[in-house]
Amino acid sequence: MKLALVVCRKELLDNARDRRTLFSTLLFGPLFAPLLFAVLINVAVSRNLASLEEALEVPILGLEQAENLSSFLHARGIRPSADHGLQDLQDAAAAVRAGEQDLVIALDEDFAEHFVDDGLARVTLIYDQSNSRAGSRVQRARRALAAYSEQLGALRLLARGIHPGVVRPMTVDDYDVSTPAGRSTLLLGMLTYFLLLAMLMGGFYLAIDTTAGERERKSLEPLLATPISRASLLLGKMAATSLYMLLSLVLTLCAFTIALRFLPLDELGMSSSFGVLAALGAFVVLAPIAPFGAALMTLVASFTRSYKEAQTYLGLVILLPTLPLVFASLLNVTPSLPLMWVPSLSQHLLVTNLIRQEPVAIGMLSVSALSTLALAGLLGAVAIRLYKREALLG
Amino acid sequence: MIQISQLTKHFGDVQALGGVSFEAASGRITGLLGPNGAGKSTCLRILSSVLRPDSGSARIGGVDVVADPLAARRIFGVLPHGAGLYPHLTARENIAYYGQLHGMKRGALAARLADLIERLNLGAIVDRKCQGFSQGERTKVALARALVHEPEYLLLDEPTTGLDVMAARELRAWLKELKARGNCILLSSHVMQDVAALADDLLIIAGGKLAASGTPESLAEAYPGRDLEEIFIEAVGLAQP
């Protein structure tokens, strides 16, 4: 055990002098992750705000036939753009397909006739559904047009002495019960993803350096000829990797706690509830991932024969713990005791709880921590077994 | 004394050792000679308890390296082929790491380090990172690292490969000094001159078997009128069908 400490101390020192390790521990997670996050959120904010408040300029074909519609749309901030040069539906479709326009509104040529006669006056919205920018604009235009149609219909009914309620027996209202903190989970759900990734990156090069790197440098054989058991040797190495992962976690949490203060989350109708307490909680929840990830990465790196091979495989391995997160967000999973047995998923759910400012059940927290630690122990034991095989020397 | 008896080892379908037996006495330098792939390194790796033999026994100072590797590792030091130092650590840190792995106390380790630095003339490089050391400097540091726990037995795998004339001379001088202190030294090589200049006893192995052994004098008697290189070629040729 004392020798494991010697190994751990040496690996900490050795890797503190390695630029690659320092970059991935001190820079990748703590700097890159919050930066990426801030950019994502800023884009989301600016897009949301822009589409809600800004005047929407849309090429509208045949608007001269409908002056009232024109002023109605104008009042709702939808303005016909001048000089769009589009003649007909084909032109418009081509322009949208080419990405020159996000949305074109086209009134049929006989719009005016039908408008007075039979209600078959047709308005076509031309857009590309795969264009994410178009989505909110199309919705806005559609809502405005529908409102105009409905309003006019109601007036016509009244003119004939019929109550509009006759043709509209039902009203649909929205009643959103989400809290600002709850809404922020959509975006902040990605936070766990970044935290996990930052942790794994923090230990990435250590896991390689202490196994495949040691073999490639030819320092493994003399090391194995010193009176340290392979179990102690591996324990020391995995402990060093865990410590770097924890360091990366702490730094990343600090960076996020600071960065989220400056992000315009409230403009999105969300509260940035990620304070110091939440950060401390997230540390407690995520800490067991360190030995788990260290054991997993050390185990995989032990199979590889060179630094490069290890890099390739570990690149895939660090995506592994993020898989449950993808499922969780797709299936909208809520925390439950059985799910606490799944490493990374349980941590994700618990951190999400923290962000929602909901209490974290101690029972769930302990199951999550214990199962993750147990799995770490299992993986570590397999890695140690592997090191007892001489095929390891290659 | 280092004793190997009826040692066999396979790597997959390849037979690396086919029943080698030999002894290396204390206070002497024993040279393990053989062409590439003869099984020299495999012998040394089994002795350093990194590999396990398929059958046969290997003992160092009476300790069975297969049955009790931890005890054996306390009494031998290993100079591996290519040194295997940590480039980010200084020479001192590299040596101290092995001292700590041997369980040496802080004070004893510091005294031993000072002694090794003086004897191996490491003063100029001891606090520099090993990255960028010359082959000679690397070998020196690796030798100091192998000697840090004052082992009675020393196993060296091709120690002179890649050394220039001066460094090779220096190394030979230290090995002779260690021999004079009563250490048991087993070194492998395929360079005749090194072995001729150093070894008290010769072991020529080829194809995983012992082809010839004895002192240089006794070998010269057995193969009259031939120099060491000719003896080597003849012995190796006899062992290979």
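Residues numbered from 1 in each chain as written. Chains lettered and ligands numbered in written order. Predicted model: local features only at pLDDT ≥ 70, side-chain atom pairs only at ≥ 80, totals over all residues. Heavy atoms only, no water.

Right, let's get into the overall build of chain A. For chain A, the count of helices and strands is 15 helices and five strands. With the C-alpha coordinates aligned to their principal axes, the bounding extent of chain A is approximately 100 × 45 × 35 Å. Across the 394 residues that make up chain A, the buried fraction comes to 48%. Restricting to contacts in chain A with at least 6 residues of sequence separation, those with at least 24 account for 74%. For chain A, the accessible surface area stands at approximately 20,000 Å², while carbon and sulfur atoms represent 62% of it. Within chain A, one finds 32 positive and 33 negative side-chain charges whose respective centroids are separated by 18 Å. (Helix = DSSP H or I, 4+ residues; strand = E, 2+ residues; numbered from the N terminus. Buried < 20%, exposed > 50% of the residue type's maximum accessible area, 1.4 Å probe, protein only. Contact = heavy atoms within 4.5 Å. Areas by Shrake-Rupley, 256 points an atom, 1.4 Å probe, with all protein chains shown as cover. Lys, Arg positive; Asp, Glu negative; His and termini not counted. Charge placed at Lys NZ, Arg CZ, Asp CG, Glu CD.)

Residue and element names in this part refer to chain B. The four strands lie next to each other as β2-β1-β4-β5, forming an open sheet whose pairing is antiparallel. Two strands lie at the open edges of the sheet, namely β2 (14-24) and β5 (63-64), each paired on one side alone. With five bridges connecting them, strand β1 (residues 2-11) and strand β4 (residues 55-60) associate as antiparallel partners. For Q3, the partnering residue across the bridge sits in β4 and is R59. (Pairing = 2+ DSSP bridges.)

With 28 residues of chain A at the contact, the number on the chain B side is 32 residues. Summed over both sides, the interface between chain A and chain B buries roughly 2,600 Å², with carbon and sulfur atoms accounting for 57% of that surface. Sorting the residues of chain A by area buried against chain B places R17, P227 and E390 of chain A first, and these three jointly supply 26% of that buried surface. At the boundary of chain A with chain B, the tally comes to two salt bridges. The closest approach of N and O atoms between E93 of chain B and R17 of chain A, which form a salt bridge, is 2.7 Å. Where chain A packs against chain B, one counts nine residue pairs in polar contact (both at pLDDT 80 or more). Elements supplying a minimum of two residues to the side of chain A that touches chain B: α1 (2-16) and α8 (220-224) of chain A. Tallying contributions element by element places α1 of chain A first for the side of chain A that touches chain B, with eight residues. The residue makeup of the side of chain A that touches chain B, split by class, is 11 nonpolar, four polar and 13 charged. (Buried area = accessible area lost by both parts, 1.4 Å probe. Salt bridge = Lys/Arg side-chain N within 4 Å of Asp/Glu carboxyl O. Polar contact = N/O pair within 3.5 Å; in protein donor to acceptor, adjacent residues only side chain to side chain. Nonpolar A, V, L, I, M, F, W, Y, C, P; charged D, E, K, R; others polar.)

You can read the domains of chain A as domain 1 (2-45 + 181-393) and domain 2 (55-173). Each of domain 1 of chain A and domain 2 of chain A has a C-alpha centre, and these two points are 52 Å apart. (Domains from an automatic or database assignment.)

A few words on unusual backbone geometry. Residue and element names in this part refer to chain B. Even without being glycine, N121 reaches a positive phi, approximately 60 degrees. Here N121 is to be found in the loop between α4 (106-119) and α5 (135-147). For N121, a relative accessible area of 54% puts it in the exposed group. The phi angle at E158 is positive, at roughly 45 degrees, despite the residue not being glycine. When you line up the elements, E158 lands in the loop between β7 (153-157) and α6 (165-180).

To continue, consider the pairing of strand β10 (residues 209-214) of chain B. Residue and element names in this part refer to chain B. Here strand β9 (residues 201-206) runs beside β10; their pairing, made up of five bridges, is antiparallel. The residue bridging I205 from the neighbouring strand is L210, located in β10. Here β9 folds back onto β10 in antiparallel fashion, the turn holding two residues, of which G207 has a positive phi close to 55 degrees.

This next bit is on the packing of aromatic side chains. All chains considered together, the criterion is met by six aromatic pairs over all chains. On the basis of an interplanar angle of 50 degrees and a centroid distance of 5.0 Å, the ring pair of F72 of chain A and Y148 of chain A is categorised as tilted. Of this pair, F72 of chain A sits in helix α3 (residues 67-75) while Y148 of chain A sits in helix α6 (residues 134-159), and the two are 76 residues apart along the sequence. We classify F72 of chain A as buried; its relative accessible area is 14%. Relative accessible area serves as the criterion here: at 9%, Y148 of chain A is assigned to the buried category. Following the ring pairs from residue to residue traces out a cluster consisting of Y193, F194 and F256 of chain A. Sitting over the face of the ring of Y86 of chain B, K10 of chain A holds its NZ or CZ atom 3.3 Å from the ring centroid. Looking at R145 of chain B, its charged tip hangs above the ring of Y98 of chain B, at a distance of 4.3 Å from the centre. (Phe/Tyr/Trp six-rings, centres within 6.5 Å; stacked < 30°, edge-to-face > 60°. Lys NZ or Arg CZ within 6 Å of the ring centre and 35° of its normal.)

Moving on, we come to the pattern of salt bridges. Residues and elements named next belong to chain A. Going through the model one piece at a time under the given rule, you end up with 20 salt bridges over all chains. A salt bridge links K237 to E214, with the shortest nitrogen-to-oxygen separation between them at 2.5 Å. Taken together, the positions of K237 in helix α9 (residues 230-261) and E214 in helix α7 (residues 180-216) put the pair 23 residues apart, joining distant regions of the chain. Accessibility classification places K237 together with E214 in one group, the buried group. Residues joined by salt bridges that share partners form a network here, namely K10, E11, D14, E214 and K237.

Residues and elements named next belong to chain A. Residue position: E11 is located in helix α1. Among the polar contacts made by the side chain of E11, one reaches the side chain of K237 at a distance of 2.9 Å. With residues near it in sequence (within four places) discarded, E11 still touches D209, T210, E214, K237 and A240.

In terms of nonpolar packing, the biggest core is built from 142 residues, with F274 of chain A together with L175 of chain B touching the most fellow members. Element by element, the count of residues in this core is highest for α7 of chain A, at 13 residues. Look past the residues within four positions of L175 of chain B in its chain and what remains in contact with it is I29, L154, L156, I185, L187 and L198 of chain B. With 20 residues, the next largest nonpolar core counts A66, L73, I78 and A144 of chain A among its residues. (Core = buried A, V, L, I, M, F, W, Y, C linked by side-chain atoms within 4.5 Å.)

Right, let's talk about the sheet that holds strand β5 (residues 123-127) of chain A for a bit. Sheet strands associate in pairs through backbone hydrogen bonding, adopting either a parallel or an antiparallel arrangement. Residue and element names in this part refer to chain A. The strand order β2-β4-β5 describes an open sheet built from three strands, whose pairing is mixed. Looking along the sheet, the strands with just one partner apiece sit at the ends: β2 (60-61) and β5. Direction of pairing for strand β4 (residues 103-107) relative to β5: antiparallel, over a ladder of five bridges. Paired with L103 across the bridge in β5 is Y127. Each of β4 and β5 touches α6; the most contacted strand, β5, lies at about 175 degrees to it. (Axes fitted to C-alpha atoms, helices over the stretch in contact; angles between N-to-C directions.)

With that out of the way, let us pick up the environment of A72 of chain B. All names here are of chain B. Within the secondary structure, A72 is located in helix α2 (residues 69-75). Note: C-alpha distance between A72 and G39 (33 residues apart in sequence) is 21 Å. Not counting residues up to four positions away in its chain, the partners in contact with A72 are V63 and V65.

On to the packing of α1 of chain A against α9 of chain A. Residue and element names in this part refer to chain A. Packing of α1 against α9 leaves a shortest axis separation of 7 Å and a crossing angle of 45 degrees. When the interaxial angle is binned, α1 and α9 end up oblique. Between α1 and α9 lies a crossing of right-handed hand. In contact with A4, V7, C8, E11, L12, N15 and A16 of α1, α9 contributes S232, L233, L235, G236, K237, A239, A240, L243 and Y244. Residues belonging to the contact of α1 with α9 are distributed by class as follows: 11 nonpolar, three polar and two charged. (Parallel < 35°, antiparallel > 145°, perpendicular 65-115°, else oblique. Left-handed = near helix turned anticlockwise from the far one by under 90°.)

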